[in-house]
Amino acid sequence: MASIEDRIRDSFARQSMMATLGAEVAAIAEGRVTLSAPIADHVLQQHGYAHAGLAFSLGDSAAGYSALSVMPEDKEVLTIEMKINLIAPAAGTRLVAEGRVIKNGRRLVVVAADVFAVDNETRRHCAVLQGTMIPV
């Protein structure tokens, strides 16, 4: 029987999108997963901030893995809907997405993620996501 951490790290390693973004798993706990990715030249928008697509991808995956962390070993999850509010420009060297389970239901899992732009010791809250995962 694989541990929650092993299952998440194994699944994460198979995501070519996360590899393309340079994302890493930063922390795993039951109902919570934190991911991070560098704000590199290939993920910038026209004003020099991290593109919203990076924030969304990282937040969606962090929230999804938080849902996976509460699933039985024979289940995976898929996103069925996700909303994002961009609340500040994502300026810095890294984005950090902290996903969490809000409600683990029988058929659906409601999740959220907070995304922070990090520059040295400063963290700026730049996005909030909320969505629904379905066990498959």
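These numbers were taken from a predicted model, which means no experiment stands behind them.

**A short note on the packing of aromatic side chains**
Part 1 of the reasoning: Following the criterion strictly, the structure yields one aromatic pair and no others.
Part 2 of the reasoning: A cation over an aromatic ring shows up here: arginine 123 above the ring of phenylalanine 116, its NZ or CZ 3.9 Å from the ring centre.

**Remarks on the pairing of strand 6 (residues 122-135)**
Consecutive residues of a regular strand have side chains that alternate between opposite faces of the sheet.
Part 1 of the reasoning: With nine bridges connecting them, strand 3 (residues 77-86) and strand 6 associate as antiparallel partners. Its bridge partner lying in strand 6, leucine 86 is registered against alanine 127.
Part 2 of the reasoning: With antiparallel pairing between neighbouring strands as the criterion, strand 5 (residues 109-119) and strand 6 make up a hairpin whose turn holds two residues, including asparagine 120 at a positive phi of roughly 55°.

**So, the sheet that holds strand 3**
Part 1 of the reasoning: Strands sit in the order 1-2-4-5-6-3 across an open sheet of six strands; the sheet is antiparallel. Single-partner strands in this sheet number two, and they are strand 1 (24-29) and strand 3. Neighbour to neighbour, the strand axes of the sheet diverge by 20° on average, direction disregarded.
Part 2 of the reasoning: As defined by bridge partners, strand 5 adjoins strand 6 across 11 bridges and the pair is classed as antiparallel.

**Some words on unusual backbone geometry**
Part 1 of the reasoning: Phi is positive for asparagine 120, close to 55°, though the residue is something other than glycine.
Part 2 of the reasoning: The residue asparagine 120 is located in the loop between strand 5 and strand 6 in this model.

**What about the side chain of serine 57?**
Part 1 of the reasoning: Secondary-structure assignment places serine 57 in helix 3 (residues 52-68).
Part 2 of the reasoning: Reaching out from serine 57, the side chain makes a polar contact with the backbone oxygen of glycine 53 at a distance of 2.9 Å.
Part 3 of the reasoning: The contacts of serine 57, once residues within four sequence positions are left out, are Met17, Met18 and Leu21.

**Observations concerning the pattern of salt bridges**
Part 1 of the reasoning: Scanning the entire structure with this criterion turns up five salt bridges.
Part 2 of the reasoning: Note that arginine 14 is salt-bridged to aspartate 10, the shortest N-O span being 2.5 Å.
Part 3 of the reasoning: A relative accessible area of 46% places aspartate 10 in the partly exposed class.
Part 4 of the reasoning: The partner of arginine 123 in a salt bridge is glutamate 98, with the nearest N and O atoms 3.1 Å apart. A residue pair is termed long-range when its members are at least 10 positions apart, and arginine 123 in strand 6 and glutamate 98 in strand 4 (residues 94-104) qualify at 25 residues.

**A few points about the side chain of aspartate 60**
Part 1 of the reasoning: Along the polypeptide, aspartate 60 turns up in helix 3.
Part 2 of the reasoning: Salt bridges are absent for the buried aspartate 60, whose nearest opposite-charge side chain, arginine 100, sits at 13 Å.
Part 3 of the reasoning: At a separation of 2.8 Å, a polar atom in the side chain of aspartate 60 contacts the side chain of threonine 79.

Each value, and the rule that gives it
Residues numbered from 1 in each chain as written. Predicted model: local features only at pLDDT ≥ 70, side-chain atom pairs only at ≥ 80, totals over all residues. Heavy atoms only, no water. Phe/Tyr/Trp six-rings, centres within 6.5 Å; stacked < 30°, edge-to-face > 60°. Lys NZ or Arg CZ within 6 Å of the ring centre and 35° of its normal. Pairing = 2+ DSSP bridges. Helix = DSSP H or I, 4+ residues; strand = E, 2+ residues; numbered from the N terminus. Axes fitted to C-alpha atoms, helices over the stretch in contact; angles between N-to-C directions. Polar contact = N/O pair within 3.5 Å; in protein donor to acceptor, adjacent residues only side chain to side chain. Contact = heavy atoms within 4.5 Å. Salt bridge = Lys/Arg side-chain N within 4 Å of Asp/Glu carboxyl O. Buried < 20%, exposed > 50% of the residue type's maximum accessible area, 1.4 Å probe, protein only. Lys, Arg positive; Asp, Glu negative; His and termini not counted.

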